[in-house]
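Structural characterization, general
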Amino acid sequence: IWHTGIVVYGKEYFFEGGITCVPSATTRFGKPLRVLFLGVTEIPQSVFEQWTMEAENQRYGPTAYHITKNNCNHFTMEASKFLTG
């Protein structure tokens, strides 16, 4: 299973036993093999960060990770839908 994250506001957000935020392209997984442009968001950073806190409390907390049922790909898909509508 490939690692995915979402880059927005110059930061990369991803799920790995909790939602993590680091400067873009600096995860422990190394430089991205592929980057896809998904569009532009009108969601303010503060609103997205509030959404990530709520998502972590509800679905992406430290014990919620499952290799096939709840992983970084699930988080990235949900975050991209939130940000782009």
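Now for a description of the structure that goes with this document. The structure displayed is predicted, hence computed values, not measured ones.

Rules and cut-offs
- Think of each chain on its own: its residues are numbered from 1, step by step along the sequence as written.
- Owing to the predicted nature of the model, reporting of local features is limited to residues with pLDDT of at least 70; listing and counting of side-chain atom pairs is limited to 80 or more, with chain, interface and lining totals taken over all residues.
- Hydrogens and water molecules were not included; the side-chain quantities draw on all heavy atoms of the structure.
- A pair of strands counts as paired when DSSP detects no fewer than two bridges linking them.
- Helix and strand labels come from DSSP, where a helix needs a run of H or I of at least four residues and a strand needs a run of E of at least two; each type is numbered from the N terminus.
- Lines fitted to C-alpha atoms define the axes here, with helix axes fitted over just the stretch in contact, and angles between the N-to-C directions of these axes take values from 0 to 180 degrees.
- Working definition: a ring pair exists when centres of Phe, Tyr or Trp rings (six-membered ring for Trp) sit within 6.5 Å. Plane angles under 30 degrees give stacked, over 60 give edge-to-face, the rest tilted.
- With a 1.4 Å probe rolled over the protein chains alone, any residue whose accessible area is under 20% of its type maximum counts as buried; one over 50% counts as exposed, and the rest are partly exposed.

1. Looking at the sheet that holds strand 2 (residues 11-15)
Across the sheet, three strands lie side by side as 1-2-3; this open sheet has antiparallel pairing. Either end of the sheet is taken by a strand with one partner, and the two such strands are strand 1 (6-8) and strand 3 (19-23). Pairwise comparison of adjacent strand axes, ignoring direction, gives a mean angle of 30° for this sheet. Pairing geometry for strand 1 and strand 2, over three bridges, is antiparallel.

2. Considerations on the packing of aromatic side chains
Under the counting rule described, the total for this entry stands at 10 aromatic pairs. Between phenylalanine 14 and phenylalanine 29, the aromatic rings sit 6.2 Å apart at their centres with planes inclined by 80°, giving edge-to-face as the arrangement. Remark: phenylalanine 29 occurs in the loop between strand 3 and helix 1 (45-58) and phenylalanine 14 occurs in strand 2; sequence separation between them is 15 residues. With a relative accessible area of 3%, phenylalanine 14 lands in the buried category. By the ring-pair criterion, three or more aromatic residues cluster together here, those being Tyr9, Tyr13, Phe15, Phe48, Trp51, Tyr60, Tyr65, Phe75 and Phe82.

Purely spatial values, then, with no claim about function.
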